[in-house]
Amino acid sequence: SLRTPASSRCLAIRSAHNEISTAGVSFSLINKHKPWIETTYHGIVTENDDKVLLDPPLIALDKDAPLRYAESFEVTLTKEGEICGFRIHGQNVPFEAVVLDKSTGEGVIRTKDKLDCELQKEHTFTIQAYDCGEGPDGSNMKKSHKATVHIQVNDVNEYSPVFKEKSYKATVIEGKKYDSILKVEAVDADCSFQFSQICSYEIVTPDVPFSVDKDGNIKNTEKLNYSKEHMYKLTVTAYDCGKNRASEDVLVKISIKPTCKPSWQGFNKRIEYEPGTGSLALFPSMHLETCEEPITSIQASIMLETNHIGKGCDRDTYSEKSLHKLCGASAGTVELLPAPSNSVNWTVGLPTDNGHDSDQVFEFNGTQAIKVPEGVVSTTLKEPFTISVWMRHGPGSREKETILCNSDKTEMNRHHYSLYVHNCRLVLLLRQEPTESENYKPAEFHWKLDQVCDKEWHHYVLNIEFPAVTLFVDGATFEPFLVTEDYPLHASKIETQLTIGACWQDLSGHDNDTETLSEPLTGGSARMTQYFRGNLAGLMIRSGKLENKKVIDCLYTCKEGLDVQLPEEVASSSSLSLEGDDIESFEKVMQHISYLNSRQFPTPGIRHLRISTTVKCFNEETCISVPDSEGYVMVLQPEEPKISLSGIDHFARGAAEFESTEGVTLFPELRIVSTITREVEVEAEAEAETVVSEEIMHNLDTCEVTVVGDELNGDHESLEVDLAQIQQRALEMSSSNVGMVITGVNTMANYEQVLHLIRYRNWHTEALFDRKFKLVCSELNGRYISNEFKVEVNVIHTANPMDHANNAMVQPQFINQVQHASVDLSGHNLANTHQASVVPSAATVVIVVCVSFLVFMIILGVFRIRAAHQRTMRDQENGKENEMDWDDSALTITVNPMETYEDQHSSEEEGDEEEEESEDGEEEDDITSAESDSSEDEGGEQEDQQGSSRQQQLEWDDSTY
């Protein structure tokens, strides 16, 4: 090794002169070479780290550096050949290069700031090394070439998966298994493939028949059932490949749709109709489900089933005669099946519907028939006449079934005219009366009708104008398919019998037109035959033809039905049968169909609805079939009116008024009021309800005045009314010995006015003291009945005209104005009638004696009033004298107590005697004046007060004892 002194043991290397000095030899070095680095570098850095791993490592070499292998001598390095730093070139490069060892040229690249892989995954820039130059000032510094550096930023799993949608929805049809119902998708914001990929999905909701695969496809694991569950709600989550779970789970709603079945949808099966509300839309939200099948045309028929209501539907339940009058066919109408009453009782034995909500119908079961009394029908066959009837009849036997028959009462059993059913045919037999010519004439008219045997209600009108007969069934005209002829009847004086439900015949006769049954209706040789099996109502015979079609339509037209108001002409309508080719327009028309019941008090109950639909498609082979849709209208119970009759129910009149031509008005101040009761909720208390009565207006159809007690004796008493006033109000009146009946549909005000005119007359009042009458009014053929308003009329008998005048002045005290606040509407029954009793002639003498005794009692009562008044005046004067004030300030009064006791005792005895006298007087005189009683009571009280005051003033002076 080369050693030199300490001062010169310095090895100097100078590249420029390449001189070395040892042991006195000096070396002179010069910065001759540039640093050297690799041309390309590749590096990796993690997001949360600042050190870059380079390949190859960052090392700069410089040839000016001394040889490292010289070991025989010590070498002292100078700054020439050292690496002072690295310089990075590029814009906004987030890296810096740092020299770790200048002598070896080793360095590193590190980040200035935290890197974000999601913003930039790779960075590329150039780097250059430079040495330290020459001398202390670093002059002649050399730089290396520029090398390219590629750095990749490694990702950190810092983000969780996020679903693209906030929620997912899908609809599936029940009964199917799907490969994929819907797909959920989540994303991850990490930059690397490993951490940005979603590796799996998971359904968090337990026990649901669904699964999800790694791609997010959800499918059902079993067939779904709409009746079991309408909708499923699932919670789904996602995981990335770094096992990070989604930050928020997602909600998936899967609706189950029933198997698509073409049908009408969107309407209530039960539709409630409140009476009096007018028209009610039945299908306001209806639509047709066609299961996406293209439709070319639609046909629909909407039917309202009302066969079980009344006579086929809801109609006014007035009597048939009243209905004819309302429809404009009032003249000469005779009702053969009236509701049973006192004056009309031949239908009493027939079974009815036992209710007043609907029309009253009569049932004939093949064993019942009725005889119409003589004189009810006066129609002659020579003039035009009309027969109308409501009939419900099913398929029957091959025998004739008679509706109406007019036959001989005895002997010959000839049928003059009859209406009967035979083998689903309606037959009218009309035999002509004897004439000069004995030629054949039309006698039987046959109509073959399905309506006769369909078990439904139908209205029949026969206009008979011989030899022509016209039949209307539910307003439609039918011509007879067969007309047979026969000879006119032979002349005879035999009376005829009109019957309903069978034909009357006498067993002694022999006529081929009749059939005899084994069971007679009554005893003897007369029997009924050709019994009817079915229901009848409203059987009428009317003189004259019923030609007006509007009148016939009015008689059978329903008060309820379906109505449609088309907003625009989009479909043709005929009897609520619709047809169209546009589904949307067709649905609008269906939504305008409504139910209407114009009755004020409709019949409550169910009306079934049926919709029959037919569609046509472009492809007829796969065309859908729409099933019938059914529902019903529930007509609610109407508020029942409470008809109240009120007025003067007890009064007296002089006998002369009863005997006058005007008579006595029975109901001078009668009032008819109808109210309904409603429950109204109170606003203050939500749950509380109060009952409120409201007055309403409606019609009446009957008011019946009945005598209570003995029947009217037509020889000397009657009920009368002005017939002109009755006819002016389109009412009718019938009277008998039990009372008077006013009929006809009219307002309550008109009935009030007519009832005010009813008078009672009696032109033999000697034996009459009082008469009682009962009034009952009703509506809708007895459906709503008023209370029984009873009136008692007293007869005042007078001995002379002067007494009569005095009694008339006293009369108002017998009048009692009664207001019926609460009445009973349960019904009414006429009282049983009895024969008039015979009054003996001695009654007149008794009446005179009673009247004389009454006058005597009145005079005695006036006398007692005066005596009591005078006694009161004297007591008042005595009281004034006792009221004088004594100045007893200096007086001392000593009273003997024995004298006071004797005075009191004597006064009590006198009082007892007076009371006994007064009691005896009361027993003798039954008629006393209320005024005199009050006067005596006041006088007695004053005397008692004065006596007690005197006793209170008499006290013992025991001050001196």
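Here is what the cut-offs are and how they apply
Residues numbered from 1 in each chain as written. Predicted model: local features only at pLDDT ≥ 70, side-chain atom pairs only at ≥ 80, totals over all residues. Heavy atoms only, no water. Helix = DSSP H or I, 4+ residues; strand = E, 2+ residues; numbered from the N terminus. Buried < 20%, exposed > 50% of the residue type's maximum accessible area, 1.4 Å probe, protein only. Contact = heavy atoms within 4.5 Å. Salt bridge = Lys/Arg side-chain N within 4 Å of Asp/Glu carboxyl O. Pairing = 2+ DSSP bridges. Disulfide = S-S within 2.5 Å. Phe/Tyr/Trp six-rings, centres within 6.5 Å; stacked < 30°, edge-to-face > 60°. pLDDT = per-residue confidence, 0-100. Core = buried A, V, L, I, M, F, W, Y, C linked by side-chain atoms within 4.5 Å. Polar contact = N/O pair within 3.5 Å; in protein donor to acceptor, adjacent residues only side chain to side chain.

Concerning the side chain of S674
Alright, step 1. The residue S674 is located in strand 48 (residues 671-681) in this model.
Alright, step 2. S674 gets classed as buried once you look at its relative accessible area, which sits at 0%.
Alright, step 3. When neighbours within four sequence positions are excluded, S674 is seen to be in contact with P641, K642, I643, E694, E695, I696, H698 and M748.

Side note on the pattern of salt bridges
Alright, step 1. Tallying each qualifying case throughout the model produces 23 salt bridges.
Alright, step 2. Residues R110 and E96 are paired through a salt bridge, measuring 3.0 Å at the closest nitrogen-oxygen approach. In this pair, R110 is assigned in strand 6 (residues 106-111) and E96 in strand 5 (residues 95-101), connecting sequence segments 14 residues apart.
Alright, step 3. On the accessibility criterion, R110 (37% relative accessible area) is partly exposed.

Describing the pairing of strand 7 (residues 122-131)
Alright, step 1. Bridge count for strand 4 (residues 83-89) against strand 7 is six bridges, and the pairing is antiparallel. Paired with I83 across the bridge in strand 7 is D131.
Alright, step 2. Where strand 7 lies against strand 8 (residues 147-154), six bridges are found, and the strand directions are antiparallel. Each bridged residue has a counterpart across the sheet, and for T126 the counterpart in strand 8 is T148.

Overview of the state of the cysteines
Alright, step 1. Summed over the entire model, instances satisfying the criterion amount to nine disulfides.
Alright, step 2. Between the sulfur atoms of C84 and its disulfide mate C132 the distance is 1.8 Å. Handedness of the C84-C132 disulfide follows from its S-S torsion of about 120 degrees: it is right-handed. Linking C84 in strand 4 with C132 in the loop between strand 7 and strand 8, this pair joins segments that are 48 residues apart in sequence.
Alright, step 3. Disulfide pairing is shown between C617 and C623; the S-S distance is 2.2 Å. Taking the sign of the torsion about the S-S bond as the criterion, the disulfide between C617 and C623, at about 70 degrees, is right-handed.
Alright, step 4. Relative accessible area serves as the criterion here: at 5%, C617 is assigned to the buried category.

So, the sheet that holds strand 39 (residues 560-564)
Alright, step 1. Spatial strand order, 20-42-39: three strands in an open sheet with antiparallel pairing. Bordering the open sheet on either side are strand 20 (280-281) and strand 39, each of which pairs with just one other strand.
Alright, step 2. Relative to strand 42 (residues 593-597), strand 39 runs antiparallel, the two sharing five bridges. Of the residues in strand 42, the one forming a bridge with G561 is L596.

Comments concerning the packing of aromatic side chains
Alright, step 1. The final tally for this structure, using the stated rule, is 13 aromatic pairs.
Alright, step 2. Ring centres 5.5 Å apart and planes at 25 degrees place the aromatic pair F95 and F125 in the stacked group. Linking F95 in strand 5 with F125 in strand 7, this pair joins segments that are 30 residues apart in sequence. Accessibility classification places F95 together with F125 in one group, the buried group.
Alright, step 3. Between the aromatic rings of F658 and Y760, the centroid separation amounts to 5.9 Å while the plane-to-plane angle is 75 degrees, which identifies the pairing as edge-to-face. One end of the pair, F658, is in helix 5 (residues 655-659); the other, Y760, is in strand 54 (residues 759-762), and 102 residues separate them in sequence. Each member of the pair, F658 together with Y760, is buried.
Alright, step 4. Taken together, F658, Y760 and F773 form an aromatic cluster joined through their ring pairs.

Brief notes about the confidence of the model for the protein chain
Alright, step 1. Averaged over all residues, the pLDDT of the protein chain equals 76, while 74% of them reach at least 70.
Alright, step 2. Note on residues 569-574: pLDDT is under 50 here. Beyond four places in sequence and across chains, it has nine contacts.
Alright, step 3. When the criterion is pLDDT under 50, residues 879-961 qualifies, and its contacts beyond four places in sequence or with other chains add up to 29 contacts.

Some points on the nonpolar core
Alright, step 1. F667, I672, L719, L755, I758 and L775 are the most contacted members of the largest nonpolar core, which totals 44 residues.
Alright, step 2. Counting only elements with at least two residues in this core, the list comes to strand 45 (642-648), helix 5, strand 48, strand 50 (699-708), strand 53 (739-747), helix 7 (748-755), strand 55 (770-779) and strand 57 (789-796).
Alright, step 3. Setting aside chain neighbours within four positions, we find L775 in contact with L645, F667, L670, C703, E704, V705, L755, N787, E788 and F789.
Alright, step 4. The next biggest cluster of nonpolar side chains, apart from the first, holds 39 residues, and it includes L337, V372, I403 and L471.

Some remarks on the environment of Q725
Alright, step 1. In this fold, Q725 is placed in helix 6 (residues 723-728).
Alright, step 2. Taking the C-alpha atoms as reference points, Q725 and Q753, separated by 28 residues in sequence, lie 9.0 Å from one another.
Alright, step 3. At 2.7 Å, the side chain of Q725 forms a polar contact with the side chain of R729.

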